[in-house]
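Reading the structure
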Amino acid sequence: MAGVFSVSQVISYIKIMFAQDFALSRISVRGEVSNCKYHPSGHIFFTLKDGGGVLSCGMVAGHRKGLSFSLREGMRVIVTGTVDVYERDGRYQLYARKIEADGRGDLFERFVKLRDELEEMGMFAAEYKQPIPKYATRIGIVTADTGAAIRDIMNIAARRNPYVQLVLYPALVQGERAAASIVSGIEALDELDLDVLIVGRGGGSMEDLWAFNEEAVARAIFNCRTPVISAVGHETDVTIADYVADLRAPTPSAAAELAVFDWRHFEEELRGYETALARGMTRELERRRYLLSQYRLRLKLYDPERRLRDRRQRLADMAERLESAMNGRLEKARRQQKDRERLAAAFDRKLLSVKHRLALASGRLDGLSPLKRISGGFGFLTDEEGRRITHVYDVETGAQITVRISDGRIRARVTERTEYGDGKRE
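Description of the structure in this document. As the structure is a prediction and not an experimental result, all values here were calculated from the model. (Residues numbered from 1 in each chain as written. Predicted model: local features only at pLDDT ≥ 70, side-chain atom pairs only at ≥ 80, totals over all residues. Heavy atoms only, no water.)

**Describing the pairing of strand S3 (residues 53-59)**
- Bridge count between strand S2 (residues 44-50) and S3: seven bridges; the pairing is antiparallel. Residue Ile44 lies in a different strand from S3, and its bridge partner there is Met59.
- Counting the residues in the hairpin turn of S2 and S3 gives two residues. (Pairing = 2+ DSSP bridges. Helix = DSSP H or I, 4+ residues; strand = E, 2+ residues; numbered from the N terminus.)

In structure tokens form, the structure reads like this:
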């Protein structure tokens, strides 16, 4: 169809028009920095705004060499560069080649001053932060009843947990009366004994979010007995309420994710706990049954009646062994007594035999006794050495001899010796 253009053709045409405009090829713009992001690649993306509008800006990494300071939220700057069209998104932006500081905005100055004062008071200290309940069932929300924030929170709550109760206080979140309305909402919901409060709104400029930078709102959050999650603006927006709250969420949707526990996940956890509990109970029952069997066995072992029966049996066995031992000893004693009697009889017989033999030997010895012979007129002769003289050749003539008779002895000298022919000399 004639006169119909593609999207790419239209965007290229607009880009050519921007390029041909001398005023836009090198322009300096004064404004306040907002939504500033430093990309890992080195590029900087931010928004330049004033009371009447906003302008998207970007600075590539190659142009950052002349930038001697870091861009901060609320900083007033003068940006020099070229306004051009980004063909992929079909939007225009200011491509910055130079950025100069133009002083800070009044709102940012007030923000920094109040932040420093409250921090010095200790209102941001970690020891005052309350833990957010893991399983909150009643959640209070202080935000506008027609904004995107409450719709996002309701959608996420319905998806994660249809059983959670949401209590909304429809507050003003922008304008002169917004701070007082937010304070009233926090105080009213704090009286309802809820589990947690979400205080916040959707994104906007610093002016739009200023109610959450008021000291009255900060003190209301600090004094709230119910744990408070701050959910103001987008992820890059930071307010005084974020510092004072017990937990900061980057967006209202993230606050709902943090406050509302996932019911399906909770059910899975419960089933897991149920399974673990059942297994634990089964193991415990098995352990108890085993202990019971052990106790029963011990009870049988230590049963008084059984122990008494065992003792009686042991006593009977001991009595039997004792009786057997006593009978054995008695029998042994009887045998020993008989042995002693036999030994005594044998001894008597032996003694009688010995006495008889002694009497016979005594008679024979008496018959052979020299004294008996001496007493009949005979004598016993010995030489000077005391040797017995039985033969005549045992002495020499002139030798001294001793003659023993029954009543004494006689010393004599041999004067003559006569040998008989039948005498034998050994």
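Let us keep going from here.
**Considerations on the packing of helix H4 (residues 148-160) against helix H8 (residues 252-259)**
- With their axes 8 Å apart at the nearest point, H4 and H8 run at an angle of 30° to one another. What the angle tells us is that H4 and H8 run roughly parallel. Relative to H8, H4 is oriented so that their crossing is right-handed. For the pair H4 and H8, the contacting residues are Ala149, Asp152, Ile153, Ile156, Arg159 and Arg160 in the first and Pro252, Ser253, Ala256 and Glu257 in the second.
- Looking at side-chain class alone, the contact of H4 with H8 contains five nonpolar, one polar and four charged residues. (Axes fitted to C-alpha atoms, helices over the stretch in contact; angles between N-to-C directions. Parallel < 35°, antiparallel > 145°, perpendicular 65-115°, else oblique. Left-handed = near helix turned anticlockwise from the far one by under 90°. Contact = heavy atoms within 4.5 Å. Nonpolar A, V, L, I, M, F, W, Y, C, P; charged D, E, K, R; others polar.)

**Regarding the sheet that holds strand S13 (residues 408-413)**
- As summarised here, the arrangement of the three strands in space is S11-S12-S13, forming an open sheet in which the pairing is antiparallel. Two strands bound the open sheet, and with one partner strand each, they are strand S11 (380-382) and S13. Ignoring strand direction, the axes of neighbouring strands in this sheet form an average angle of 25°.
- Note: S11 against strand S12 (residues 400-405), three bridges, orientation antiparallel.

**So, the pairing of strand S9 (residues 228-232)**
- Counting buried residues along S9, five of its five residues qualify, which places the element largely inside the surrounding structure.
- Residue alternation in S9 divides its side chains into two sets, Val228, Ser230 and Val232 and Ile229 and Ala231, and both sets are buried.
- Pairing of strand S8 (residues 196-201) with S9 involves five bridges; the strand directions are parallel. Within the sheet, the bridge partner assigned to Leu197 lies in S9 and is Val228.
- What joins S8 to S9 is helix H6 (residues 215-223), and the crossover it makes is right-handed. (Buried < 20%, exposed > 50% of the residue type's maximum accessible area, 1.4 Å probe, protein only. Right-handed = clockwise from strand over helix to strand, strands pointing away.)

**Structural notes on the packing of aromatic side chains**
- For the coordinates displayed, the defined rule picks out eight aromatic pairs.
- Seen from their ring centres, Trp263 and Phe266 are 5.4 Å apart, and the 40° between their planes marks the pair as tilted. One end of the pair, Trp263, and the other, Phe266, are both in helix H9 (residues 263-301), three residues apart, so they sit about a helical turn from each other.
- Taking the relative accessible area as the measure of exposure, Trp263 reaches 24% and is therefore partly exposed.
- Here Phe266 falls in the buried class, since its relative accessible area comes to 18%.
- Linked through ring pairs, Tyr135, Tyr163, Phe261, Trp263 and Phe266 together constitute an aromatic cluster. (Phe/Tyr/Trp six-rings, centres within 6.5 Å; stacked < 30°, edge-to-face > 60°.)

**Considering the sheet that holds strand S7 (residues 165-170)**
- An order of S7-S6-S8-S9-S10 is seen for the five strands of this open sheet, with the pairing classed as parallel. Two strands lie at the open edges of the sheet, namely S7 and strand S10 (247-248), each paired on one side alone.
- Here strand S6 (residues 138-143) pairs with S8 via four bridges, running parallel. Counted as the bridge partner of Val142 is Val199 from S8.

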